[in-house]
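# Summary of structural features
Single-letter residue listing:
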Amino acid sequence: MRVMDRFSGEDNPFGGSDYRGDFWLAIHKRLQYLHGVSVLAPEARPNSPPDDAIAFLTNCSDDHFLDFIELIFKLEFYWRAVRDENSLVDDINHFFELDALPYALTSFVREERIEDYRGTPTTASYLTEFPRVIRRDSQVTHAQAVAPALQLLADKRFASANREFLEALEDFRKRDYDDCLVKCGSAFESALKLICETKGWPYKQSDTAKTLLQTVISNSTLDPYFEQPLLVIAILRNRESTAHGAGVHARNVPPQRAQFAINATAAGILLVVQECL
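Quick caveat, the model's predicted, so the values are computed rather than measured. (Residues numbered from 1 in each chain as written. Predicted model: local features only at pLDDT ≥ 70, side-chain atom pairs only at ≥ 80, totals over all residues. Heavy atoms only, no water.)

Another point: the overall build of the protein. Secondary structure summary: the protein contains 11 helices and four strands in total. Here the protein holds 277 residues, and the buried ones make up 45% of them. Residue pairs at least 24 apart in sequence account for 57% of intrachain contacts in the protein once pairs closer than 6 positions are excluded. When the accessible surface of the protein is split by element, carbon and sulfur atoms take 50% of a total near 14,800 Å². Each charge sign in the protein was given a centre, from 30 positive and 40 negative side chains, and these centres are 3 Å apart. (Helix = DSSP H or I, 4+ residues; strand = E, 2+ residues; numbered from the N terminus. Buried < 20%, exposed > 50% of the residue type's maximum accessible area, 1.4 Å probe, protein only. Contact = heavy atoms within 4.5 Å. Areas by Shrake-Rupley, 256 points an atom, 1.4 Å probe, with all protein chains shown as cover. Lys, Arg positive; Asp, Glu negative; His and termini not counted. Charge placed at Lys NZ, Arg CZ, Asp CG, Glu CD.)

As structure tokens, then:
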């Protein structure tokens, strides 16, 4: 699979326009802004912005190349260059799988709303999340927990939880493990609040995860012994991260604990939502 094939005339259903030149100019501008430099690869002595962008991406770090992949989907003409907005997402994920790379690309997330158009109720689609590159260290765990959780959270009702969980996944990829724990705890709490709101169970916005979980368990089919396993998501945030201040001792969250928090959050959200909604 070659990403650039998607921007050539051969794959364009609207007149066969070739967007490859526009693609590299737009990418170069985005990369300039992202890295705060006018020339991305001065050592290559590029003759043009596209040459500069290509030279940079040929030798950049993995993290910078993954940032480039995310930028592709934010280009203004992307929608004119592809048939299906998620087709390139699928192609890149296939590439990751073929090379056994520990990454996955999330899909576009849209929210449908009923709006009035000239007196007629009309369904409008709004883009709420662009694709993000996330870590996928375990194929089984990703397939059984993280991917299903993302699919569930794509429901517009879970917009807050979805955004927080995606940010946690992004923090994990960028090795910001402390903030990853914070976002995991926030995503889980947001999901619990949504459940309480939907079911009409009493809660306050200031309720902690423990209080919310007790409300959910006492009103659902979940047995009380689930409280402690599910509460570990909040405990990790409170004890391992700096969400409540690190005090005099600096905290350094190991990657394996952040990965556990990601997996536990995905599994926990799946469990409580499937049991309650």
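Applying the stated criterion to the full structure yields 19 salt bridges. Between Asp 18 and Arg 20 there is a salt bridge, and its shortest N-O distance comes to 2.5 Å. Two residues, Arg 132 and Glu 170, come together in a salt bridge whose shortest N-O distance is 2.8 Å. Here Glu 170 lies in helix H7 (residues 159-173) and Arg 132 lies in the loop between strand S3 (120-129) and strand S4 (133-135), a separation of 38 residues in the sequence. Among the residues examined, Arg 132 registers a relative accessible area of 14% and is labelled buried. One network of salt bridges, with partners in common, ties together Glu 129, Arg 132, Glu 170 and Lys 174. (Salt bridge = Lys/Arg side-chain N within 4 Å of Asp/Glu carboxyl O.)

Two numbers describe how helix H6 (residues 139-153) lies on helix H11 (residues 255-276): the axes approach to 9 Å, and their chain directions differ by 55 degrees. In terms of their interaxial angle, H6 and H11 are classed as oblique. When you trace H6 past H11, the crossing you get is left-handed. Across from Thr 141, Gln 144, Ala 145, Val 146, Pro 148, Ala 149, Leu 152 and Leu 153 in H6, the residues of H11 making contact are Ile 262, Asn 263, Ala 266, Ala 267, Ile 269, Leu 270 and Val 273. For the contact of H6 with H11, the per-class residue count stands at 12 nonpolar, three polar and no charged. (Axes fitted to C-alpha atoms, helices over the stretch in contact; angles between N-to-C directions. Parallel < 35°, antiparallel > 145°, perpendicular 65-115°, else oblique. Left-handed = near helix turned anticlockwise from the far one by under 90°. Nonpolar A, V, L, I, M, F, W, Y, C, P; charged D, E, K, R; others polar.)

Packed helices, taken two at a time, are described by their axes: the angle between them and the distance between them. Where helix H8 (residues 177-199) meets helix H10 (residues 227-240), the closest approach of the two axes is 9 Å, and the angle between their N-to-C directions is 140 degrees. In this structure, H8 meets H10 at a crossing whose hand is left-handed. Residues Asp 178, Leu 181, Val 182, Cys 184, Gly 185, Ser 186, Phe 188 and Glu 189 of H8 touch H10, and the partners they reach there are Leu 230, Ile 233, Leu 236, Arg 237 and Glu 240. Looking at the contact of H8 with H10 residue by residue, the classes come out as seven nonpolar, two polar and four charged.

Overall, the coordinates contain 14 aromatic pairs when judged by the stated rule. Ring geometry for Trp 79 against Phe 108: centres 5.1 Å apart, planes inclined by 55 degrees, an arrangement best described as tilted. Here the residue Trp 79 occupies a position in helix H4 (residues 78-81), and Phe 108 occupies one in the loop between strand S1 (103-105) and strand S2 (109-117), the gap between them amounting to 29 residues. Taken together, the ring pairs in this structure connect Phe 73, Tyr 78, Trp 79, Phe 108 and Phe 130 into an aromatic cluster. Lying over the aromatic face of Tyr 126, Arg 113 brings its terminal NZ or CZ to 4.1 Å of the ring centre. (Phe/Tyr/Trp six-rings, centres within 6.5 Å; stacked < 30°, edge-to-face > 60°. Lys NZ or Arg CZ within 6 Å of the ring centre and 35° of its normal.)

Here we take up the environment of Pro 49. Note on placement: Pro 49 falls in helix H2 (residues 49-59). For the pair Pro 49 and Trp 24, spaced 25 residues apart in sequence, the C-alpha separation works out to 7.4 Å. For Pro 49, the contacting residues outside a window of four places in its chain are Leu 25 and His 28.

Turning our attention to H8. Its 23 residues place the ends of H8 33 Å apart at the C-alpha level, agreeing with the 33 Å of an ideal helix rising 1.5 Å per residue. Counting buried residues along H8, 18 of its 23 residues qualify, which places the element largely inside the surrounding structure. Following H8 by one or two positions, Gly 200 adopts a phi angle in the positive range, close to 80 degrees. (Expected span 1.5 Å × (residues − 1).)

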